Amino acid sequence: LWMLEPGESKRWIIAMVDVDNPDSFENQVYSLIDAPVIRIPQTTYLPEEKAVFEVLSSSDDIKVTDDEGKELPVEIKSMRGSVKQVSCVLPRTGLYRICAFSGDKVAEGIISAHASWEWTLRQARAGALKYHQKATSHIESWYGFHSAFLAARYFPDKETDKALNERFEYLFGLLHDEDKMEPKYYASRIQNTSGTIGMLVDRYEAYGDVKDLERASRLGDWLMKTWQREDGAYMNHGTVYTSVIYVAKSMLELAMAEREAAKKDISWKSPADNHYESAKRAIDQLVDSQGDFETE
């Protein structure tokens, strides 16, 4: 489905089909072509969980194989007309290929069994340490701290967390004027600042150090005072950047953390309200624009 071997050729026929509504898609396609159609409402499962999907076909020749090509036992039940319900247990983490055959036609699909959230976060934190987060013009170079601090919150690892914390402080100092609490470079790339706000909130929620929430709050103030337009849009000069790496989402994460902090210290209520209102105005502007802006 995703590659050509050397010397191999394939030919596709692409059909444009009017569909009344998403629920009728597979039925309408099946009525037009002499080939099986697969309906997969859920594509991802836990290991050892039973996967269930439907195949529209006149044939019961349906196979599910793991990523080594080994065929899995499947249960096939006739439902209505040509619809068959297929189920199988996905034994372990990995990708599984569905193949439904009818004459010389075959329909293919992919389902997967994923590792636990804990395993994923632990691996992401290890990756953030192994592949050094860097101070550059783009936040993607230090994005790994999101995973690092979420992992620290739920699955602490003293030695690894210490190393990542020290790295974060080092990069934060390189990238920010900590007296003015604003970025030193590429200030108009507001997604760098909003993303860092989100990291600081993650870090605060992991360790409870109010200094992180204070820095996030001051950066939030700088962002909305410097780059928020009167109609609410977060801007990069003349371009709406509200949804670039989700600036408004980071502001809402900040407001939520401040609201929680206000339960113990009422002085956090005003910043929480200000940042919530800022994010709300930005989102309202985004909705009102109906997608008529020049970026994501």
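Everything numeric in this text was worked out from a predicted model, so none of it was measured. All residue numbers here refer to positions counted from 1 along the written sequence of the relevant chain. Per-residue local features are limited, in this predicted model, to residues with pLDDT of at least 70; the limit for side-chain atom pairs, both in listing and counting, is 80 or more; totals at the level of whole chains, interfaces and linings are taken over all residues. Where side-chain values are given, they derive from all heavy atoms of the structure, hydrogens and water being excluded.

K.L.:
Would you mind going over the overall build of the protein in detail, with residue names and values included?
P.N.:
For the protein, the count of helices and strands is eight helices and twelve strands. The globule rule is 2.2 Å times the number of residues to the power 0.38, and the radius of gyration it is compared with is taken over C-alpha atoms. Its C-alpha radius of gyration of 25 Å places the protein more than 25% over the 19 Å reference for a compact globule of 296 residues. Sequence separation of at least 24 residues holds for 62% of the intrachain contacts in the protein that already meet a minimum separation of 6. Per-residue accessibility takes into account occlusion by the displayed protein chains alone, with areas from the Shrake-Rupley method and a 1.4 Å probe. Surface exposure of the protein reaches about 17300 Å², of which carbon and sulfur atoms provide 52%. Side-chain charges of the protein comprise 36 positive and 49 negative groups, with the mean position of each set lying 4 Å from the other. Starting at the N terminus, helices and strands are each numbered in turn, a helix being any DSSP run of H or I of at least four residues and a strand any DSSP run of E of at least two. Here a residue-residue contact requires only that any non-hydrogen atoms of the pair lie within 4.5 Å. Counted as positive: Lys and Arg. Counted as negative: Asp and Glu, with His and the chain ends omitted from the count. We put the charge of a Lys on NZ, of an Arg on CZ, of an Asp on CG and of a Glu on CD.

K.L.:
Tell me about helix α2 (residues 117-130), and please be specific about residues and values.
P.N.:
Its 14 residues place the ends of α2 20 Å apart at the C-alpha level, agreeing with the 20 Å of an ideal helix rising 1.5 Å per residue. Here the term buried applies to any residue with accessible area under 20% of the maximum for its type, exposed to any over 50%, and partly exposed to those in between, with areas from a 1.4 Å probe on protein chains only. When we look at burial in α2, the residues that qualify are L121, R125, G127 and A128. Along the long axis of α2, the arc covered by the buried residues comes to 160°, so they all point the same way. Tucked inside the fold, the buried residues of α2 contact α3 (144-154) and α4 (158-175). One less than the number of residues in a helix, times 1.5 Å, gives the span that helix is expected to have. Taking the helix axis as origin, the arc is that swept by the directions to the C-beta atoms.

K.L.:
Explain the nonpolar core residue by residue, including any values.
P.N.:
Across soluble globular proteins, nonpolar side chains show a tendency to be buried alongside one another. With 38 residues, the main nonpolar core has F145 and Y234 as its most contacted residues. Mapped onto this core, the elements with two or more residues apiece are α3, α4, α5 (190-207), α6 (210-227), α7 (247-262) and α8 (269-289). The residues contacting F145, other than those within four sequence positions of it, are Q133, L164, R167, F168, L171 and M199. Judged by nonpolar contacts, the second largest core, of 17 residues, contains Y45, V55, Y96 and I98. The definition of a nonpolar core used throughout is a set of buried Ala, Val, Leu, Ile, Met, Phe, Trp, Tyr and Cys residues joined through side-chain atoms within 4.5 Å.

K.L.:
Just give me the short version of α7, but keep the residues and values in it.
P.N.:
An ideal rise of 1.5 Å per residue puts 22 Å on 16 residues; α7 measures up with 23 Å between its terminal C-alpha atoms. Inspection of α7 places V247, A248, S250, M251, L254, A255, A257, E258, A261 and A262 among the buried residues, and these make up the whole buried set. Buried residues belonging to α7 abut α5, α6 and α8.

K.L.:
Describe in detail the sheet that holds strand β2 (residues 44-45), supporting the description with residues and values.
P.N.:
For two strands to be treated as a pair, DSSP must find at least two bridges joining them. Spatial ordering of the open sheet is given by β2-β8-β7-β4, a layout of four strands whose pairing is mixed. Only two strands of the sheet have a single partner each, and these edge strands are β2 and β4 (62-65). Of the pairings in the sheet, the one linking strand β7 (residues 94-102) to strand β8 (residues 105-113) comprises nine bridges and is antiparallel in character. Of the residues in β8, the one forming a bridge with F101 is V106.

K.L.:
So what's going on with the packing of α7 against α8? Residues and values would help.
P.N.:
For the pair α7 and α8, the least separation of the axes is 8 Å and the interaxial angle reads 155°. The angle between α7 and α8 places the two elements in the roughly antiparallel class. Along this stretch, α7 crosses α8, giving a crossing that reads as left-handed. Contacts from A248, M251, L252, L254, A255, E258, R259 and A262 in α7 reach K269, P271, A272, H275, Y276, S278, A279 and I283 in α8. Split into classes, the residues belonging to the contact of α7 with α8 amount to eleven nonpolar, two polar and three charged. Axis angles are defined between N-to-C directions and span 0 to 180 degrees, where every axis is a line fitted to C-alpha atoms and, for a helix, only to the segment in contact. Here the word oblique covers every angle except those under 35 degrees (roughly parallel), over 145 (roughly antiparallel) and from 65 to 115 (roughly perpendicular). Crossing handedness is defined as follows: a turn of the near helix away from the far one that is anticlockwise and smaller than a right angle gives a left-handed crossing, while the clockwise case is right-handed. Asp, Glu, Lys and Arg are counted as charged, while Ala, Val, Leu, Ile, Met, Phe, Trp, Tyr, Cys and Pro are counted as nonpolar; the rest, among them Gly, fall into the polar class.

K.L.:
Account for empty space enclosed by the protein, naming residues and giving values.
P.N.:
In this analysis the probe radius is 1.4 Å and the grid spacing 1 Å, with only protein atoms considered; a cavity is a set of points the probe fits into but cannot get out of, a pocket is an open set with protein on both sides within 12 Å along at least five of seven lines, and lining residues have an atom within 4 Å of a point. Grid points are joined across faces, edges and corners, and a volume is the space filled by probe spheres set on the points. Across all of its chains, the model carries two cavities of 30 Å³ or more by this definition. Taken together, T136, W142, L175, H176, P183, Y185, Y186, R189, N192, T193 and T196 make up the lining of the largest cavity. The biggest single contributor to the lining of the largest cavity is α5, with three residues. In terms of residue class, the lining of the largest cavity is built from five nonpolar, five polar and one charged. For the second largest cavity, the calculated volume is near 40 Å³. In terms of lining residues, the second largest cavity is bounded by W142, F145, F168, L171, F172, L175, H176 and T196. A per-element tally of the lining of the second largest cavity places α4 first, with four residues. Residues belonging to the lining of the second largest cavity are distributed by class as follows: six nonpolar, two polar and no charged.

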